[in-house]
Amino acid sequence: MEATDNMHAQDHGHHHHKESFISKYVFSMDHKMISKQFLITAIVMGIVAVMLSIFFRLQLGWPGEKFQILNAFLGDKWAPDGILDRNAYLAMVTIHGTIMVFFVLTGGLSGTFANLLIPLQIGARDMASGFLNMLSYWFFAVSSVIMLASLFVEGGAASGGWTIYPPLSALPQAMPGSGMGMTLWLISMVLFVASSLLGGLNYVVTIINLRTKGMKMTRLPLTVWALLVTAILGILSFPVLVSAVVLLLMDRSMGTAFYLSDIYIQGEALDVTGGSPLLYQHLFWFLGHPEVYIVLLPALGISSEVISTNSRKPIFGYKAMIGSILAIGFLSFIVWGHHMYITGMNPFLGSVFVFTTLLIAIPSAVKAFNYITTLWQGNVRFTPAMLFSVGLVSTFVTGGLTGIILADSALDVNVHDTYFVVAHFHIVMGMSAIFGMLAGVYHWFPKMYGRMLNTKLGYAHFWLTLVCGFGVFFPMHFVGMAGAPRRYYSFSEFEFLDWVMDLNPYISIFAIVGGAAQILFLVNFFHSIFYGQKASQNPWQSNTLEWTTPVQHVHGNWPGALPEVHRWAYDYSNPEHEEDFVPQVVPMKPGEHAH
Amino acid sequence: MKLLILLVIVLAIIAIAQLTKVYELSRSLRKNKEEEISAADNKLNANLMLVWMFLFFVGTVFLYVRYGDYLPVSASAHGVDVDQLMKVNIWLITIVFFIVNFFLFFFAWKYQYKKGRKARFFAHDNRLEMLWTLVPGVVLAFIIVYGLITWNKITGPASADALQIELYSRQFDWTARYPGENKTFGAANYNLISTSNPLGLVTPDGIRAKMDELDAQIENVEHQLEENKMMPLLPESYVATLEDKVSRLKRHKQRISDLDENSVNGLSTWEAGNDDRLVKGEMHIPVNKEVELIFRSQDVIHSAYLPHFRSQMNCVPGVATRLKMTPTVTTEEMRKITGNDSFNYILLCNKVCGAAHFNMQMKVVVESEADYNAWVAKQKMFKAPEVKEAADTTLANEPKKDTVATAMGN
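Residues numbered from 1 in each chain as written. Chains lettered and ligands numbered in written order. Predicted model: local features only at pLDDT ≥ 70, side-chain atom pairs only at ≥ 80, totals over all residues.

*Asks:* So what exactly am I meant to see when it comes to the overall build of chain A here?
*Replies:* Summing up its helical and strand segments, chain A has 18 helices and two strands in all. Relative to the 2.2 N^0.38 estimate, which gives 25 Å for 595 residues, the radius of gyration of chain A is 24 Å and therefore close to what a compact globule would have. If you line up chain A on its principal axes, its C-alpha atoms span 80 × 50 × 50 Å. Burial statistics for chain A: of 595 residues in total, 64% are counted as buried. Considering only intrachain contacts with a sequence separation of at least 6, the fraction spanning at least 24 residues in chain A is 80%. (Helix = DSSP H or I, 4+ residues; strand = E, 2+ residues; numbered from the N terminus. Rg over C-alpha atoms; globule rule 2.2 N^0.38 Å. Buried ≥ 20, exposed ≤ 12 C-beta atoms within 10 Å, placed from the backbone. Contact = placed C-beta atoms within 7 Å.)

Here is the structure:
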């Protein structure tokens, strides 16, 4: 084993492959480059999604007001006189959700950090299959392009909400967005799932098979554990989404009736009977709920790593953290019905889902308390990454708690599909995962680009994002409890909501400022890629293996032999050592106790 | 020209390179490295943690005080239980919210970096882990049990003497149907929907008319096929389409002729439906009487959301869904409670259903049983021959706001 490794290393040391531009930057099979490709694609998609959200927040904050900027961006068809069209509004809401959930927080988050961190943190030269990895990115890229293209077709993009429930999404005559835009949405999603599966299989195989010598499962950093469980969730749940999507495609274009029954629309009784719209919802949420954790777990993994490193303390309860990741992963498969309490599902079945859903709160609580105990008596350095990780714990707890209300079927009835839900998932999933992703970018930017991000800009970015994020989503709880449904173009038709709607302009202002604050990040990011301060070998004095690789990337990651691992990843401030960190490659001292 | 563009590009690249060099040089003169967080920066961020915590908590309290009474007192019997459950849950999660966020931001501030101090090596403690597994476990057990007791109370079949009302949804309006004196709804079928029969109630005339219509269509298509046999001018794929169409139409006809033999409670379907009353845009219900709402949808999924009654149920095409509730506060009483003379209960659509989704609403009136009976008696009965007239009068009943949505629906 060691001999082949050495040969491999020499191979890399001696003839530096002359790589063409295309094989290095475009069709790259190097996990580090693929990770950057995922990140930049996700950033581009994220910019689009944030802009869409600002467009519809303008309408919600000041309904009927004319905004020339809307007209400038969307043209006379979608924003005549600067007032957002009603169909365009639904399309923006739908595509904002789709891009954020799938392209930024699934493809972007997992794609970036699984690719970057798995080989580097387990001590592998690359992913198990570089080729599949490359395919995974290119499927992702193509599906991104198709999703963006769907914004420009006749009739507009898909408009039935990101969950695209049939029959609305199945019938082109039901709304303009259920035409070509929906077809493209479905095609894009099939490609996206292909990307996700290729990536996921690769991540699992790599973690199981390619760990370096001494890297036992119980020595893996929590990032890798989180990414492993995420990949497994994806492999098990995404195929179900494909089946849901393919059946919907068939209902749309081949005259089948999986989801359709007894429909009379636009003066015509359709020749379809026997299907069930609820079947789609079961299939969709069988993916949809694990998807929440596919989005969240990598962020939690990243924050575990960042909080431990910057508190200069071992993560508290390493094994309990792994256990709770596994428990959350398992439970996430048996809770999907909590999205369907009011579909007419048997109330007893609802009770079962109440029980399983509320169980998830236990491992989640364990994680939250462990983070806080990690801070306790630490020596906390506030890097931008650390700030975002602390912010993540706050959003995770704050948003998670309102989940207890939504999980309780008797309470869900009255807040289902209201702004309460919007507030809940944007805080617990949206903000937490974005914070985790940004923490990851700030923390591993030196590893990705060999340069540092500007710290001061990072601070400004964090504080603005935190204040604006809560400023947008926290008041929405109250809007929702007052009975305001989500996906409403305007609330001016309902007198009983008038008193709570005075919150809407403030929410929109926070959204606009928060969106603008991301420009700080973009400037910092793209400027630092080229002109940032040169990074040192181990800027955060971290224990994990990625910081033992050269700052300038080499193919195969380590120029010499693969490093050997002697300890867990969290020997920070170990009293048996002088330094406050002990990298995993440092052999145990004679008589030293493993953690 | 091309040369010029090239020149500009080259110059631009050189300029950027030069600027970068200047930037790099100027930076190397500064001593601090980005990864070394200065003591001042660290202190600033630690203090901001406390400032933020303060703002966050004050903001939360403000929102609770200003918007905490989110809805007026429940207008239904089960809603009282739901509100109580909600109150208990909100209290619990609010307390946890404050405690956990406090410790998070407080510890972040308290344990900020001090040079020369070493963090405490505290990797695990099974007693602590046990504590925060068991305590949430016990609290959640309470929440689950309390929640499910309430859930079981508010769901389940309605009692036999509950008043049944059907709510029929379509893009973008609601129609209420009352079963009439025989207390039985007439059967409905989506194939029989027409402008004069918006719910598709089954009537002999309706079936006959539909059969005639289908016969005419079948004849028409078969005629085309016949002609084509003699003089094959149509492309083959089109012929296949036509053949397919014939078989579809015949299947359709079969389904409709099956309707003829249905009967409900010993009444033939149309007899049961004749005295049904269809009302658009407004639903009346008697106070203190159990109501079972039966939901149907014509086209896509809608959701009937009654926030003042703490009730909601999806309307799914092809499946009838049900909900029971007992209104306890009349509209008049609620006007007094809210101090708003124009207050009305409202039914909203809460599942995105298209462009006018945001305005798919219906007024709900709760009144004494006597008023209710008087109101129902005034509503026109469904009788196929006279239905056109009936539809006209019900249209006039609609609130003005709905006219846009109705126009969209057609």
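Here the narrative resumes.
*Asks:* Where do I start with the overall build of chain B in this structure?
*Replies:* For chain B, the helix and strand inventory stands at 11 helices and 12 strands. In chain B, the share of contacts with a sequence separation of at least 24, taken over all contacts with a separation of at least 6, comes to 75%.

*Asks:* Any chance you could explain the domain arrangement of chain B here in plain terms?
*Replies:* Reports often express the size of an interface as the amount of accessible area lost when the parts come together. Looking at the assigned domains, one finds that chain B contains domain 1 (40–113 + 127–154), domain 2 (163–185 + 275–409) and domain 3 (203–261). Just the C-alpha atoms count here: the centres of domain 1 of chain B and domain 3 of chain B sit 64 Å apart. (Domains from an automatic or database assignment.)

*Asks:* How do you make sense of the environment of A:Ile325 when you look at a structure like this?
*Replies:* Checked against the element boundaries, A:Ile325 lands in helix α10 (residues 318–331). Those residues in contact with A:Ile325 that lie beyond four places of it in its chain are A:Trp225, A:Ala226, A:Val229 and A:Leu297.

*Asks:* What should I look at first to understand the interface of chain A and chain B in this one?
*Replies:* Residue-level contacts link 106 residues of chain A with 93 residues of chain B. Per element, the largest residue contribution to the side of chain A that touches chain B is 10 residues, and it comes from helix α13 (residues 384–407) of chain A. Grouping the amino acids of the side of chain A that touches chain B by side-chain chemistry returns 63 nonpolar, 31 polar and 12 charged. (Nonpolar A, V, L, I, M, F, W, Y, C, P; charged D, E, K, R; others polar.)

*Asks:* Explain the sheet that holds strand β2 (residues 173–178) of chain B to me, please; I cannot follow it from the model alone.
*Replies:* The strands making up a sheet associate through hydrogen bonds between their backbones, and the pairing can be parallel or antiparallel. Residues and elements named next belong to chain B. Strand order in the open sheet formed by five strands is β5-β2-β1-β7-β10, and the pairing between neighbours is mixed. The open sheet has two edge strands, β5 (277–280) and β10 (321–325), and neither has a second partner. Averaged over neighbouring strand pairs, the angle between their axes works out to 25° when direction is ignored. The pairing of strand β1 (residues 163–170) with strand β7 (residues 291–297) spans seven bridges and is parallel. Its bridge partner lying in β7, leucine 167 is registered against phenylalanine 295. (Pairing = 2+ DSSP bridges. Axes fitted to C-alpha atoms, helices over the stretch in contact; angles between N-to-C directions.)

*Asks:* Whenever I open this one, the sheet that holds strand β6 (residues 282–286) of chain B confuses me. Can you help?
*Replies:* Residue and element names in this part refer to chain B. The strand order across the open sheet formed by five strands is β6-β12-β11-β8-β9, and the pairing between neighbours is mixed. Of all strands in the sheet, those with a lone pairing partner are β6 and β9 (311–315), marking the two edges. Shown here is a sheet whose adjacent strand axes are inclined to one another by a mean of 25°, direction ignored. The pairing of strand β8 (residues 302–306) with β9 spans five bridges and is classified as antiparallel. Its bridge partner lying in β9, tyrosine 305 is registered against glutamine 312. Those strands touched by helix α9 (residues 369–378) are β6 and β12 (361–367), and its axis lies near 140° from that of β6.

*Asks:* What is the right way to read helix α5 (residues 204–230) of chain B from this model?
*Replies:* At 3.6 residues per turn, the α-helix brings residues three or four places apart onto the same side. All names here are of chain B. Over its 27 residues, α5 runs 39 Å from end to end, which matches the ideal 39 Å to within 8%, given 1.5 Å per residue. Of all the positions in α5, only Gly206, Ile207 and Lys210 are classed as buried. On its buried face, α5 is in contact with α6 (236–259). (Expected span 1.5 Å × (residues − 1).)

*Asks:* Is there a simple way to explain the pairing of β2(B) in this structure?
*Replies:* A regular strand places its side chains on the two faces of the sheet in alternate fashion. All names here are of chain B. β2 sits mainly inside the fold: six of its six residues count as buried. Residues Asp173, Thr175 and Arg177 line one face of β2 and the alternating positions Trp174, Ala176 and Tyr178 line the opposite face, and both faces are buried. Between the end of β1 and the start of β2, which pair antiparallel, lie two residues. In this sheet, β5 lies alongside β2 in antiparallel orientation, the contact comprising four bridges. Directly across from tyrosine 178, in β5, lies its bridge partner arginine 277.

*Asks:* Please explain the environment of B:Glu222 as it appears in this structure.
*Replies:* Its location among the elements puts B:Glu222 in helix α5. Here the alpha-carbon distance between B:Glu222 and B:Lys245, two residues 23 residues apart in the chain, equals 9.6 Å.

*Asks:* Just checking my understanding: could you explain the packing of helix α11 (residues 347–359) of chain A against helix α4 (residues 126–154) of chain B for this structure?
*Replies:* In a packed pair of helices, the relevant descriptors are the angle between the two axes and the axis-to-axis distance. One way to put it is that α11(A) packs onto α4(B) with a least axis distance of 10 Å and a crossing angle of 165°. It follows that α11(A) is roughly antiparallel to α4(B) by the angle criterion. Crossing handedness for the pair α11(A) and α4(B): right-handed. Judged by residue contacts, A:Pro347, A:Gly350, A:Ser351, A:Val354, A:Phe355 and A:Leu358 of α11(A) engage B:Leu140, B:Ile143, B:Ile144, B:Gly147, B:Leu148 and B:Trp151 from α4(B). Residues of the contact of α11(A) with α4(B), tallied by class, amount to nine nonpolar, three polar and no charged. (Parallel < 35°, antiparallel > 145°, perpendicular 65-115°, else oblique. Left-handed = near helix turned anticlockwise from the far one by under 90°.)

*Asks:* Is there a simple way to think about the environment of A:Thr373 in this case?
*Replies:* Positionally, A:Thr373 belongs in helix α12 (residues 361–375). What makes A:Thr373 buried here is the crowd of 22 C-beta atoms within 10 Å. Along the chain, A:Thr373 and A:Ser261 lie 112 residues apart, while their C-alpha atoms are 54 Å from each other. The contacts of A:Thr373, once residues within four sequence positions are left out, are A:Phe316 and B:Leu128.

*Asks:* Just to check I follow, could you spell out the confidence of the model for chain B for this structure?
*Replies:* Residues and elements named next belong to chain B. Residues with a pLDDT of 70 or more make up 86% of chain B, whose mean pLDDT is 85. A low-confidence stretch, residues 384–410 stays under pLDDT 50, and its non-local contacts, those more than four residues away or across chains, total 43 contacts. Two numbers describe this predicted complex: its pTM, 0.90, and its ipTM, 0.93. (pLDDT = per-residue confidence, 0-100.)

*Asks:* Help me understand the packing of α12(A) against α13(A), please; the structure alone is not making it clear to me.
*Replies:* Residues and elements named next belong to chain A. Relative orientation of the contacting elements α12 and α13 amounts to 155°, with a least axis distance of 11 Å. Between α12 and α13, the crossing angle belongs to the class labelled roughly antiparallel. Classified by chirality, the crossing of α13 by α12 is left-handed. Across from Ala361, Ser364, Ala368 and Tyr371 in α12, the residues of α13 making contact are Val393, Phe396, Val397, Gly400 and Ile404. Residue composition of the contact of α12 with α13, grouped by class: seven nonpolar, two polar and no charged.

*Asks:* Would you mind showing me how to read α10(A) here?
*Replies:* Relative to the 20 Å expected for 14 residues at 1.5 Å per residue, α10(A) spans 20 Å between its end C-alpha atoms, a close match to the ideal helical length. Turning to α10(A), the residues buried within the fold contact α8 (222–253), α9 (277–311), α11 and α12 of chain A together with α4 of chain B.

*Asks:* What should I look at first to understand the pairing of β10(B) in this one?
*Replies:* All names here are of chain B. Judged by which residues are buried, β10 turns out to be one-sided: Thr321, Leu323 and Met325 face inward and are buried, whereas Arg322 and Lys324, on the alternate face, are not. The pairing of β7 with β10 spans five bridges and is antiparallel. Its bridge partner being in β10, phenylalanine 295 is matched across the sheet by threonine 321.

*Asks:* Sorry if this is basic, but what is going on with the confidence of the model for chain A here?
*Replies:* Predicted coordinates in regions of low pLDDT should not be interpreted in detail. In this model, chain A carries a mean pLDDT of 92, and residues with pLDDT of at least 70 account for 97%. Across residues 1–15 of chain A, confidence stays below pLDDT 50; counting only partners more than four residues off in sequence or on other chains, it has 16 contacts.

*Asks:* Sorry if this is basic, but what is going on with unusual backbone geometry here?
*Replies:* Note on backbone geometry: most residues besides glycine have negative phi, and most peptide bonds are trans. Of note, the amide linkage connecting A:Pro166 to A:Pro167 takes the cis form, showing an omega dihedral of 5°. Mapped onto the fold, A:Pro167 is located in the loop between α6 (130–149) and α7 (180–209). Here the bond from B:Gln171 into B:Phe172 is cis, since omega is -5°, no more than 30 degrees from zero. You can see B:Phe172 is positioned in the loop between β1 and β2. Even without being a glycine, A:Gln377 presents a positive backbone phi close to 55°.

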